[in-house]
Amino acid sequence: MSLFIEFHLIQNFAPSNLNRDDTGAPKDAIFGGHRRARVSSQCFKRAIRLASQEHDLIAPEFRGVRTKKLKSLLLERLGGREQTEAEGKIEAALAAAGLKLKEDKTEYLLFLGEAEITGFADLIEQHWDELVGAPVGAEKKGKKEAKASAPPEVVKKAKALLDGGKAVDVALFGRMLADMPGVNQDAACQVAHAISTHRVEREFDYFTAVDDKGGPDETGAGMIGQVEFNSATFYRYAAVDTGKLQSNLQGDGELTLSALSAFTQAIVRAIPTGKQNTFAAHNPPSFVGVCLRHSSPLNLANAFEKPISARVDQSLTGQSVAALAAHEKQLAVVYGDSRDQWAYLDLSDAWPESNGNRVANLEDLTAWVRMQIADQLEA
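Only a predicted model underlies this, so the values are computations on that prediction, with no experimental measurement involved.

**Student:** Before we move on, could you go through the side chain of Glu228 and cite the residues and values that matter?
**Tutor:** With respect to the helices and strands, the residue Glu228 is situated in strand S11 (residues 223-241). The buried category is assigned to Glu228, whose relative accessible area is 15%. Setting aside its immediate chain neighbours within four residues, Glu228 contacts Asn17, Ala25, Pro26, Arg202, Glu203 and Phe204.

**Student:** With reference to specific residues and values, describe the nonpolar core.
**Tutor:** Within the largest apolar cluster, 44 residues are counted, with the highest numbers of intra-cluster contacts made by Ile5, Val240, Leu245 and Phe263. Sorting elements by how many residues they give to this core places helix H9 (residues 253-269) first, with nine residues. Discounting residues that sit within four places of it in the chain, Ile5 has contacts with Ala238, Ala239, Val240, Thr242, Leu260, Val290, Cys291, Leu292, Val369 and Ile373. Counting 31 residues, the second-largest nonpolar core is a separate cluster that includes Leu74, Leu78, Ala86 and Leu162.

**Student:** Any chance you could break down empty space enclosed by the protein for me, citing the residues and the numbers?
**Tutor:** This model, assessed by the stated rule, comprises four cavities of 30 Å³ or more. The computed volume of the second largest cavity comes to approximately 120 Å³. Taken together, 15 residues line the second largest cavity, and the ones lying closest to its centre are Arg49, Ser52, Ile58, Val168 and Asp169. For the lining of the second largest cavity, the secondary structure elements donating two or more residues are helix H1 (41-54), helix H7 (168-173) and H9. Classifying every residue of the lining of the second largest cavity gives 10 nonpolar, two polar and three charged.

**Student:** Before we move on, can you summarise the pattern of salt bridges with the specific residues and values?
**Tutor:** Two side chains with opposite charge may pair up if their charged atoms get near one another. In total, this model carries 22 salt bridges according to the counting rule given. Among the salt bridges present, the one from Lys71 reaches Asp104, with a minimum N-O distance of 2.5 Å. Taken together, the residues Lys71 in helix H2 (residues 70-77) and Asp104 in the loop between strand S5 (101-102) and strand S6 (105-106) connect sequence positions 33 residues apart. Since its relative accessible area comes to 45%, Asp104 is described here as partly exposed. Salt bridges linked by common partners bring Asp21, Asp28, Arg35, Arg202 and Glu228 together as one network.

**Student:** Break down unusual backbone geometry for me, citing the residues and quoting the values.
**Tutor:** Excluding glycine, most residues fall at negative phi; most peptide bonds, likewise, are trans. Of note in the backbone geometry, Asp104 takes a positive phi value of approximately 70 degrees without being a glycine. Positive phi, normally seen in glycine, also occurs at Ala280, with a value near 50 degrees. Look at Ala280 and you get partly exposed, because its relative accessible area is 48%.

**Student:** Tell me about H9, and name the residues and values.
**Tutor:** If you check H9, its first and last C-alpha atoms are 24 Å apart, about what 17 residues at 1.5 Å a residue would give, namely 24 Å. At the N-terminal boundary of H9, the capping side chain belongs to Asp252, with an oxygen 3.3 Å from the backbone nitrogen of Glu254.

**Student:** Pulling in residues and values, what's your account of a positive patch on the surface?
**Tutor:** Taken together, the side chains of Lys68, Lys69, Lys102 and Lys105 define a basic patch exposed on the protein surface. Along the chain, the position of Lys68 falls in the loop between strand S4 (64-67) and H2.

**Student:** Summarise the layout of surface pockets; cite the residues concerned and give the values.
**Tutor:** In this structure, the largest pocket spans a volume of roughly 320 Å³. Lining the largest pocket are 14 residues, and of these Lys45, Arg46, Arg49, Val65 and Arg66 lie nearest its centre. Elements supplying a minimum of two residues to the lining of the largest pocket: H1 and S4. Broken down by element, the lining of the largest pocket gets its largest block of residues, six residues, from H1.

Conventions adopted
- Residues numbered from 1 in each chain as written.
- Predicted model: local features only at pLDDT ≥ 70, side-chain atom pairs only at ≥ 80, totals over all residues.
- Heavy atoms only, no water.
- Helix = DSSP H or I, 4+ residues; strand = E, 2+ residues; numbered from the N terminus.
- Buried < 20%, exposed > 50% of the residue type's maximum accessible area, 1.4 Å probe, protein only.
- Contact = heavy atoms within 4.5 Å.
- Core = buried A, V, L, I, M, F, W, Y, C linked by side-chain atoms within 4.5 Å.
- 1 Å grid on protein atoms, 1.4 Å probe; cavity = no way out; pocket = protein on both sides within 12 Å on 5 of 7 lines; lining within 4 Å.
- Points joined across faces, edges and corners; volume = space filled by probe spheres on them.
- Nonpolar A, V, L, I, M, F, W, Y, C, P; charged D, E, K, R; others polar.
- Salt bridge = Lys/Arg side-chain N within 4 Å of Asp/Glu carboxyl O.
- Expected span 1.5 Å × (residues − 1).
- Polar contact = N/O pair within 3.5 Å; in protein donor to acceptor, adjacent residues only side chain to side chain.
- Patch = residues over 30% accessible without salt bridge, like charges linked within 9 Å, V, L, I, M, F, W, Y side chains within 5 Å.
- Areas by Shrake-Rupley, 256 points an atom, 1.4 Å probe, with all protein chains shown as cover.
- Lys, Arg positive; Asp, Glu negative; His and termini not counted.
- Charge placed at Lys NZ, Arg CZ, Asp CG, Glu CD.

Right, dumping it as structure tokens:
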């Protein structure tokens, strides 16, 4: 049976530049024929991962690391070994798995579980004498040649290590290595680009900086410039396939529950870090709705195809929550399932109380998610 858990958030940010494009301007998009503020899904996914680590929501052994510096991480774990020799062993072990180093880094960013990294360190220790690195100053071997030079037993073990390591963020967000399709992992979570529920226009902050040591004849600014920014009420959306998540976590039901609990807290607490020293836009969501869908996911962004208009007597957040609820009611009749359930945290008081279970705080919302999924996993 399909079971998706959706997260719908309405979040108003004060003037900010949370996610910049290549010119330094806040990202945006045309939606419904109008320009909207936008924060990319990649930006929010990283913010979710950082929030999970900052609040220690997942045990370290079930976390992932995105890096090119795998060699350095392995050297740390092999601290008792002579460095030059250890470097050769590391290169040989990684080559056995199909990974090649270039200037002491992997060819591309790897998304690995902590257990996979630890596994490589253990493999190197166990097969130290069998791993033969290239002599110092020797020409580097090609990937296939280096792999072929490793003992078959080591090759088999090295390739088996790349199984995701039950890392929660790898299981949620997936990974792809084009030349190693066997280690790819399809994401259990889909995250939409956040868009503003209303039209936006870019604004510009012209700034000057005074030289503290300037002389009496130096009356001008030491530096001038400008920063683009906006302020927007965003609709954020994510959906998690609970069955796929459990599969990615190698069937571990308890870890699946912990992963969903952590994700519930992290997605709410996640705030991108872009230009925060300049704007300090630490604004939590005004509305968090969680829905258990039994048919297929429903992104409710079309509630804002016609942009919300500012009114003196109503907030943009309150209007946005009301529009979201109306659109959900409309879609649920046609595409919903009678078993679908909602729980919500609402500071705007605009979501209908008849639509779901209202909770008082984030801890209660997290507990609701865990309880509902636990019941489904047991069914």
